[in-house]
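# Structural features, examined
Chain by chain, the residues:
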Amino acid sequence: MSTPNVVQAFYTRIWNRGELAATSDLLSKEFCFRGSLGVELRGSDAFVDYVRSVRGALVDYHCEILDCVTEGNKAFAKMRFSGVHVAPFRGYQPTRKPVHWLGAALFRFEGPCIAELWVLGDLVGLDAILQSNAKTV
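Since the structure is predicted, the reported quantities are computational estimates derived from the model, not experimental observations.

A count of helices and strands for the chain gives four helices and six strands. Sequence-ordered secondary structure for the chain, helices as α and strands as β, is α-α-β-β-α-β-β-β-β-α. Overall size of the chain, expressed as C-alpha extent along the three principal axes, is 50 × 30 × 20 Å. Burial status across the chain gives 44% buried among its 137 residues. At a minimum sequence separation of 6, the contacts of the chain that also span at least 24 residues come to 56%. As displayed, the chain offers around 7,300 Å² of accessible surface, 52% of which is attributable to carbon and sulfur atoms. One finds the centroid of the 15 positive side-chain charges in the chain at a distance of 6 Å from the centroid of its 14 negative side-chain charges.

This is the structure in structure tokens:
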């Protein structure tokens, strides 16, 4: 199965390019989000603030869809998240070194929009990289 266009656009436009205005095109008005970093939010304004915080801490932030399956109004994606650590992030001071972690994202759609997104990330692996990078600064 192929990745739905709205999932591809969500990662390409919002996360990879930082086109925050795209939230009005891609997300439902009652959008619910649980991020890979453990944050739970409702609404596009709160989500935009979250995106800004992550992209501010990790320059060149990139989300890569490794695999995606769909069924009915849902999609499940295997993900790789990455960036360069340039501001405080998860309690670690910036190292200017690359970080990455894997995750899985479960989308639920209402019509052409994303209504709900639940992402589980490998935070143990991410913290190990952040800690290792901090020791070599």
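In this section: the side chain of S82. In this structure, S82 sits in strand β4 (residues 74-85). Those residues in contact with S82, other than ones at most four positions away along the chain, are D60, Y61, H62, V99 and H100.

Once that is clear, we can look at the pattern of salt bridges. The full count for this structure, using the stated rule, is seven salt bridges. Three or more residues joined by partner-sharing salt bridges are found here, namely R13, R17, E19 and D25.

On to empty space enclosed by the protein. All chains considered together, the criterion is met by one cavity of 30 Å³ or more. At the level of secondary structure, the elements contributing two or more residues to the lining of the largest cavity comprise α1 (5-16), α3 (44-57), β3 (58-71) and β6 (113-121). The leading source of residues in the lining of the largest cavity is α1, at three residues. Of the residues contributing to the lining of the largest cavity, the split by class is 13 nonpolar, two polar and no charged.

Sheets are built from strands paired through backbone hydrogen bonds, the pairs being either parallel or antiparallel. If you trace the six strands from one edge of the open sheet to the other, you get β2-β1-β6-β5-β4-β3, paired in mixed fashion. Single-partner strands in this sheet number two, and they are β2 (40-42) and β3. Sheet twist, expressed as the average angle between the axes of neighbouring strands with direction ignored, equals 20°. For strand β1 (residues 27-34) and β6, the ladder comprises four bridges, and the chain directions are parallel. Along β6, the bridge assignment pairs R34 with W118. Docked against the sheet, α3 engages β1, β2, β3 and β4, running at close to 125° with respect to β3.

This part covers helix α4 (residues 123-135). In this model α4 runs 18 Å from its N-terminal to its C-terminal C-alpha over 13 residues, within 8% of the 18 Å that 1.5 Å per residue would give. L126, I129, L130 and N133 are the residues of α4 that are buried. The buried residues of α4 occupy an angular sector of 95° when the element is viewed end-on, so they sit on one face. Exposed residues lying more than 90 degrees from the buried face of α4 are V124 and K135.

Analysis parameters
- Residues numbered from 1 in each chain as written.
- Predicted model: local features only at pLDDT ≥ 70, side-chain atom pairs only at ≥ 80, totals over all residues.
- Heavy atoms only, no water.
- Helix = DSSP H or I, 4+ residues; strand = E, 2+ residues; numbered from the N terminus.
- Buried < 20%, exposed > 50% of the residue type's maximum accessible area, 1.4 Å probe, protein only.
- Contact = heavy atoms within 4.5 Å.
- Areas by Shrake-Rupley, 256 points an atom, 1.4 Å probe, with all protein chains shown as cover.
- Lys, Arg positive; Asp, Glu negative; His and termini not counted.
- Charge placed at Lys NZ, Arg CZ, Asp CG, Glu CD.
- Salt bridge = Lys/Arg side-chain N within 4 Å of Asp/Glu carboxyl O.
- 1 Å grid on protein atoms, 1.4 Å probe; cavity = no way out; pocket = protein on both sides within 12 Å on 5 of 7 lines; lining within 4 Å.
- Points joined across faces, edges and corners; volume = space filled by probe spheres on them.
- Nonpolar A, V, L, I, M, F, W, Y, C, P; charged D, E, K, R; others polar.
- Pairing = 2+ DSSP bridges.
- Axes fitted to C-alpha atoms, helices over the stretch in contact; angles between N-to-C directions.
- Expected span 1.5 Å × (residues − 1).
- Arc of directions from axis to C-beta.

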